[in-house]
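Structure at a glance
One letter stands for each residue in the lines below.
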Amino acid sequence: MSKRNNGQWRDKAPKGSRLHEVAIVGAGAAGLGCGVALKEFGVDDVIILDRHEVGASFRRWPQEMRFITPSFTSNAFGMLDLNAIVPRTSPAFTLDREHPSGAAYAKYLDNVVTHFELRVKSGIDVCAVAVEDNGTFTLTTTDRPVRARHLIWAAGEFQYPNRNSFAGAECCCHSSDVSTWRDLEGDRFTVIGGYESAADAAISLVQLGKNVTVLARYATWKREDPDPSISLSPYSRERLEWADSTGCLDLVDSVDITSVREDGDAWVVQASDGREWTSETRPILATGFKGSLSHLDGLIEYNEDGAPVVTEEADESTLVPGLFISGPILEHRGVNFCFIYKFRQRFAIVADSIAQRLGMDTTEAVAAHRVAGMYLDDLSCCEESCAC
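**Remarks on the pairing of strand 4 (residues 46-50)**
In terms of residue burial, strand 4 counts as a mostly covered element, since 5 of its 5 residues are buried. By the alternation rule, side chains of strand 4 split into Val46, Ile48 and Asp50 and Ile47 and Leu49, which are all buried. As judged from the 4 bridges shared by strand 3 (residues 19-25) and strand 4, these two strands associate in the parallel manner. What sits directly across from valine 25, in strand 4, is leucine 49.

**Here's the deal with the sheet that holds strand 11 (residues 211-215)**
Ordered in space as 9-16-10-11-12, the 5 strands form an open sheet in which the pairing is parallel. Whereas interior strands pair on both sides, the edge strands pair on one side only; in this sheet they are strand 9 (173-174) and strand 12 (249-252). Where strand 10 (residues 188-192) lies against strand 16 (residues 284-285), 2 bridges are found, and the strand directions are parallel. Looking at the pairing, valine 191 lines up with isoleucine 284 of strand 16.

**Regarding the packing of aromatic side chains**
For the coordinates displayed, the defined rule picks out 9 aromatic pairs. Ring geometry for tyrosine 105 against tyrosine 108: centres 5.2 Å apart, planes inclined by 45°, an arrangement best described as tilted. Placement of both tyrosine 105 and tyrosine 108 in helix 4 (residues 102-115) is noted, with a separation of 3 residues, approximately one turn of the helix. Residue classification places tyrosine 108 among the buried positions, given a relative accessible area of 2%. Members of the aromatic cluster, joined through ring pairs, are Phe58, Trp61, Phe67, Tyr105 and Tyr108.

**Topic: the pairing of strand 14 (residues 266-271)**
Of all 6 residues that make up strand 14, 5 are buried, and the element is covered over most of its length. Bridging between strand 13 (residues 257-263) and strand 14 involves 6 bridges; their strand directions are antiparallel. Following the sheet pairing, arginine 261 is matched in strand 14 by valine 268. What sits between the antiparallel neighbours strand 13 and strand 14 is a turn of 2 residues, in which glycine 264 has the positive phi angle 65°. Between the antiparallel neighbours strand 14 and strand 15 (residues 276-279) lie 4 residues, among them glycine 274 with a positive phi of about 95°.

**So, the confidence of the model for the protein**
Close inspection of predicted coordinates is inappropriate for parts of the model with low pLDDT. Per-residue confidence for the protein gives a mean pLDDT of 91; residues scoring 70 or more make up 92%. Note on residues 1-6: pLDDT is under 50 here. Beyond four places in sequence and across chains, it has 14 contacts.

**Thoughts on helix 5 (residues 196-207)**
Along an α-helix, a turn takes 3.6 residues, which lines up residues three or four apart on a common side. Taking 1.5 Å per residue, 12 residues should reach 16 Å; helix 5 reaches 16 Å between its end C-alpha atoms and fits that length. Taking burial as the measure, the 12 residues of helix 5 include 10 buried ones, the bulk of the element. Residues of helix 5 that are buried include every one of Glu196, Ala198, Ala199, Asp200, Ala201, Ala202, Ile203, Ser204, Leu205 and Val206, and no others. The secondary structure elements touched by the buried residues of helix 5 are strand 10, strand 11, helix 6 (234-245), strand 12 and strand 16.

**Considerations on the packing of helix 1 (residues 29-40) against helix 8 (residues 347-357)**
Direction vectors running N to C along helix 1 and helix 8 enclose 45°, while the axes themselves pass 8 Å from each other. The angle between helix 1 and helix 8 falls in the class oblique. For the pair helix 1 and helix 8, the sense of crossing is right-handed. Here Ala29, Ala30, Gly33, Cys34, Ala37 and Leu38 of helix 1 come into contact with helix 8, specifically with Phe347, Ala348, Ala351 and Ile354. The class makeup of the residues in the contact of helix 1 with helix 8 is 9 nonpolar, 1 polar and no charged.

**A look at the state of the cysteines**
Overall, the coordinates contain 0 disulfides when judged by the stated rule. The thiol of cysteine 34 is not disulfide-bonded; the next cysteine sulfur, from cysteine 338, is found 17 Å away. We classify cysteine 34 as buried; its relative accessible area is 1%. Left without a disulfide partner, cysteine 173 is nearest to the cysteine sulfur of cysteine 172, which lies 8.7 Å away. On the accessibility criterion, cysteine 173 (15% relative accessible area) is buried.

**Here's the deal with the packing of helix 1 against helix 4**
Axis separation between helix 1 and helix 4 bottoms out at 11 Å; the angle between their running directions is 25°. Taken together, helix 1 and helix 4 sit at an angle that is classed as roughly parallel. For the pair helix 1 and helix 4, the crossing hand works out as left-handed. Residues Ala29, Leu32 and Val36 of helix 1 form the contact with helix 4, whose participating residues are Tyr105, Leu109, Val112 and Val113. The class makeup of the residues in the contact of helix 1 with helix 4 is 7 nonpolar, no polar and no charged.

What counts as what
- Sequence order as written defines residue numbering, which begins from 1 separately in each chain.
- Selection of residues for local features in this predicted model requires a pLDDT of at least 70, selection of side-chain atom pairs for listing and counting requires 80 or more, and totals for whole chains, interfaces and linings are taken over all residues.
- The side-chain figures draw on all heavy atoms in the structure; neither hydrogens nor water molecules are used.
- Burial classification: accessible surface area is computed with a 1.4 Å probe over protein chains only, and a residue below 20% of its type maximum counts as buried, one above 50% as exposed, and the rest as partly exposed.
- Comment: elements are numbered from the N terminus, with helices defined as DSSP H or I runs of at least four residues and strands as E runs of at least two.
- When DSSP finds two or more bridges between a pair of strands, those strands are recorded as paired.
- Working definition: a ring pair exists when centres of Phe, Tyr or Trp rings (six-membered ring for Trp) sit within 6.5 Å. Plane angles under 30 degrees give stacked, over 60 give edge-to-face, the rest tilted.
- For every residue, the predictor states its confidence as a pLDDT score lying anywhere from 0 to 100.
- Any two residues having at least one pair of non-hydrogen atoms within 4.5 Å are treated as being in contact.
- A helix is expected to reach a length of 1.5 Å times the quantity of its residues less one.
- To define axes, lines are fitted to C-alpha atoms, for helices over the stretch in contact only, and angles between the resulting N-to-C directions are given on a 0 to 180 degree scale.
- Each angle receives one of four descriptions, namely roughly parallel if under 35 degrees, roughly antiparallel if over 145, roughly perpendicular if within 65 to 115, and oblique otherwise.
- Take the far helix as your reference; a near helix turned counterclockwise from it by less than a right angle gives a left-handed crossing, and one turned clockwise gives a right-handed crossing.
- In this classification, the charged set is Asp, Glu, Lys and Arg, the nonpolar set is Ala, Val, Leu, Ile, Met, Phe, Trp, Tyr, Cys and Pro, and all remaining amino acids, among them Gly, are polar.
- When the sulfur atoms of two cysteines come within 2.5 Å, that pair is taken as a disulfide.

This is the structure:
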């Protein structure tokens, strides 16, 4: 069979490489959540690979950034913490925080790895994925090749920012490149984007006494929708209202940015309707993330909107059996599962599918995950859309 870009088919396996039942790429919320689910469904031969370390994306959040979904210790009353990835755990209890920072949440993930004895190999970058004629996956890595009968791709999005939204975007600073907003010099800033990353950047800068102009295509701060993926979350709305009350924030909507150019010591931001804004500091891009699926070119099908197409039964590639997708990139019926409390409900779906293929009785495990609210197999109730 012929090579398909980064994803490829080949006839022979690397000599001397061990064959695992499951390989998971990504040791973040999705990868570790799937790893625990597999163990609870009786699948123990699982290896988790990450090019950095456990919770790498969370550790790279700006220091001021917090979870917009609140954590609360409510397990005793049958309600799982919104930010938990495993039943019977709670970031609120572990971290003593309602809105954890990225660094704090990474500690929770470390605890998950330790408590459930997950096998995680850090510092391993997956360079290519190949499929042998018998359906086995071979991952070419910066270490030795890894082979597995099943592959779960959970590499996340944060480390794959969208830097090419318009002409001159390279002149800007993407919000994901900021380790702390205190490091940015200047008094006046321009933020491009209208969703959570943009709101967080604006609020953090106003808290530092800066003046901020937000240029957004949609007035997400005015939208009334129960899904925080469409309108801003209550947590962000409340903080943005405070920032606006200081007089240091200018929220501008109905702006379609077409270009940014440097003009001497300033930057000029231009919209499609001819309006221009001059920024004395590098504009901040809060335009979202591309995701990591380019590593699977040729192995994943995409719809007309560019979203990956997977089966509703198991979040499995429609082109390659045994290849599963997990995490914020997951989409069904036009609904993006872009928050932890959404995509975690599919961990057990994937684990169940793999366990059954290995001949295991999953009846009890399925029932337990249903009770915990971690087994969403009826997608008819998912009618929200997402514009992350």
